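Observations on the model geometry
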Amino acid sequence: MSPPNSAGYVTDVAYVPGFYPHLAPKALRHVALLNRIQPPAVADGFKYLELGCGLGRTLTTLAAANPRGSFVGVDLNPQHTAQIARDIEVGGLSNARIVTSDFSQLPDDLRDFDFITLHGVWSWVAPDVRADILRIASERLAPGGLLLLSYNAMPGWAHLQPIRGILRQYAALRQGDSVQRARDAVNYLAYMRDQKAKYFVDNPNAAAYVDTIRGQDPRYLAHEYLNEHWTSFYFADVAGQFAEAGLSFVGSLPVHTNFWDLCVAPVFHDLFRTTTNRLVTEAHKDFCANTMFRWDVYGKQPTFLPDVAARLRAADDLWYRNPKPGVQLPITVNLGVVNSTVDGGLYGTLLGMLSGRGMRMSEIIADPRLSSSTDLEIAKAVDAGVGMQLFEVLSGPSLEIDRTVAATRIAMPSAFNRAILAGEMFGGRGVPLASATSGSAITIGDLDAAILTTWLEGGSDDLAAGVDALMTKHERVINHEGKPITDPAERRSRLASACEGFRGNVLPVLEEQGIVIREG
Ligand SMILES: C[S@@+](CC[C@H](N)C(=O)[O-])C[C@H]1O[C@@H](n2cnc3c(N)ncnc32)[C@H](O)[C@@H]1O
């Protein structure tokens, strides 16, 4: 391929910004704890490195949400790192630093990290670059540190892998930058599918997947498919390589993937009940769930926590909270493969207890309302409840808001959040706003971002008219059932109900997480 590249990686076009909550220190720490591994302590500060941080939206947002941490991002693409340097400056992030470097030439002072993360890198780089990453993991993660690695997984990619080969070969025949080539290649793929090329006839899932690709941002497609190296991996092979580098498998994200009964149909449960080797069950789980993508957490010289008391001694600074007070049981959730139903008993009590500001695990366990359950039963129910999205994990207690008093004037104290809101408001993506309470971010939609901007600037009087004016200024349409609304009265009425939704559902969350405060 002709576009400039480093070790076969696309560098002629910038990537797309994205915030990935699985990279948050609190997420890694919770996965460690629920798997009985001691996480790094964070109260007195910690060191965090993101490898291949792209446009840095995750890095900078996490730095804003974790002021006690010191964050470093590394990327070889100077377009990416220049943008991150601007975001760091505008957001006033004194705890974030960006380094333009290939992984093979990392500055010497980047070491002893409590957390190392890399998302969207491992499957897309050359074997030599993966070797560099393993070396960094082995030499620069502190003992007891945690590493998060995401990658395209087998067997989920098995029937789609041929698509990538054809895309890349066709793109190589075309002119222009990587975005143009990716666009041309996707159109060619759709043509082959529509003309009933036999591969697509024989693989209907692959035929349907063409529409997924067509809907994706071409900058994403260029970075996803046009690199010289692109590989999907079996879990066992990756775990083997990290074991050689001195890191052990700890667990995975999302949280439900740590509970095999939440991801594997009951008919397969026998193997999981009788096999205690986690490396074996992970591989079989991927087969039962046809896993396409994995987010794995590895630890260096991890300390095993034998019981709940040891867990509480190791770390009791995460807060667990029910974000939807008033939720009624039974609840059935489907996290991809299996329906899991939660009904009454322990969960009924926990849902009530954890509404409000949330509680630490020691407080939950000591609560007299749960005296008939053992410590282990309680801890497991809370962790599995997080997996089923009944509870959220926070870095601190949620703020208590008097919902009976309507907010009028509001402010957003973080300079970083103000810059992100202004820059991303009509970006067509969610807008992640950093929260020190959650240690992560709350992502709001485009329209909610426009409502928040209007309210911050002009108060809540006649909010819908203000949002209408802002959207008109930016030439934004409002769609209903996929079609733009042209009638002004209908447009205003839709905006009025969107503003009501924001007032009732979004603003309280932003207040509880300390992103927005009331003034006056
Ligand atoms: C697919 S992007 C993912 C970006 C980011 N982690 C995200 O998910 O938004 C991969 C990133 O890794 C960087 N990268 C690839 N090979 C690299 C290398 N050898 N050294 C440093 N960075 C590299 C690329 O420039 C790109 O920004």
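Residues numbered from 1 in each chain as written. Predicted model: local features only at pLDDT ≥ 70, side-chain atom pairs only at ≥ 80, totals over all residues. Heavy atoms only, no water.

Within the chain one finds 21 helices and 20 strands. Over its C-alpha atoms the chain spans a radius of gyration of 24 Å, differing by no more than 12% from the 24 Å that the globule rule assigns to 520 residues. Judged by the C-alpha coordinates and their principal axes, the chain covers about 65 × 65 × 50 Å. With 520 residues in all, the chain has 52% of them scored as buried. Accessible surface, the chain as shown: approximately 22700 Å² in total, 52% of it carbon and sulfur. Taken together, the 47 basic and 56 acidic charged side chains of the chain have centroids lying 2 Å from each other. (Helix = DSSP H or I, 4+ residues; strand = E, 2+ residues; numbered from the N terminus. Rg over C-alpha atoms; globule rule 2.2 N^0.38 Å. Buried < 20%, exposed > 50% of the residue type's maximum accessible area, 1.4 Å probe, protein only. Areas by Shrake-Rupley, 256 points an atom, 1.4 Å probe, with all protein chains shown as cover. Lys, Arg positive; Asp, Glu negative; His and termini not counted. Charge placed at Lys NZ, Arg CZ, Asp CG, Glu CD.)

Quick look at the site of the ligand now. The immediate surroundings of the ligand are formed by 19 residues, with Tyr 9, Gly 52, Asp 75, His 80 and His 119 found nearest. At 2.7 Å from a nitrogen atom of the ligand is found a main-chain nitrogen or oxygen belonging to Gly 52. Contact with the protein chains removes 98% of the 590 Å² of surface that the ligand exposes when unbound. (Near = heavy atom within 4 Å. Polar contact = N/O pair within 3.5 Å; in protein donor to acceptor, adjacent residues only side chain to side chain.)

Our focus in this paragraph is the pairing of strand β16 (residues 431-435). Burial runs high along β16: 5 of the 5 residues are buried. Neither face of β16 is exposed, since Val 431, Leu 433 and Ser 435 on one face and Pro 432 and Ala 434 on the opposite face are all buried. Looking at chain direction, β16 and strand β17 (residues 440-444) are connected through 5 bridges and run antiparallel. Directly across from Ser 435, in β17, lies its bridge partner Ser 440. Counting the residues that bridge the hairpin from β16 to β17 gives 4 residues, and of these Gly 439 lies at a positive phi of roughly 75°. (Pairing = 2+ DSSP bridges.)

Looking now at the nonpolar core. With 99 residues, the main nonpolar core has Ile 364, Leu 452 and Leu 510 as its most contacted residues. No other element matches helix α21 (residues 488-512), which puts 7 residues into this core. Setting aside residues up to four positions removed in sequence, Leu 510 forms contacts with Leu 433, Ile 442, Ile 444, Leu 452, Phe 502, Ile 515 and Val 516. Ranked by size, the runner-up nonpolar core spans 61 residues in total, among them Phe 103, Met 154, Leu 189 and Ala 206. (Core = buried A, V, L, I, M, F, W, Y, C linked by side-chain atoms within 4.5 Å. Contact = heavy atoms within 4.5 Å.)

Here the focus is the sheet that holds strand β4 (residues 69-75). Reading across from one edge, β5-β4-β3-β6-β7-β9-β8 is the order of the 7 strands in this open sheet, with mixed pairing throughout. This sheet does not close on itself; its edge strands, each paired only once, are β5 (96-100) and β8 (247-253). On average, each strand axis in the sheet is tilted by 20° relative to the strand beside it, whichever way the strands run. Where β4 lies against β5, 5 bridges are found, and the strand directions are parallel. Along β5, the bridge assignment pairs Asp 75 with Thr 100. (Axes fitted to C-alpha atoms, helices over the stretch in contact; angles between N-to-C directions.)

Counted by the stated rule, this structure contains 20 aromatic pairs. Seen from their ring centres, Tyr 225 and Trp 230 are 6.5 Å apart, and the 25° between their planes marks the pair as stacked. By relative accessible area, Trp 230 is classed as buried at 8%. Each residue in the set Trp 122, Tyr 151, Phe 233, Phe 235, Phe 242, Phe 249 and Tyr 298 is aromatic and connected to the rest through ring pairs, giving one cluster. For the cation-ring pair, Lys 47 lies above Phe 113, with the distance from its terminal atom to the ring centre recorded as 5.3 Å. (Phe/Tyr/Trp six-rings, centres within 6.5 Å; stacked < 30°, edge-to-face > 60°. Lys NZ or Arg CZ within 6 Å of the ring centre and 35° of its normal.)

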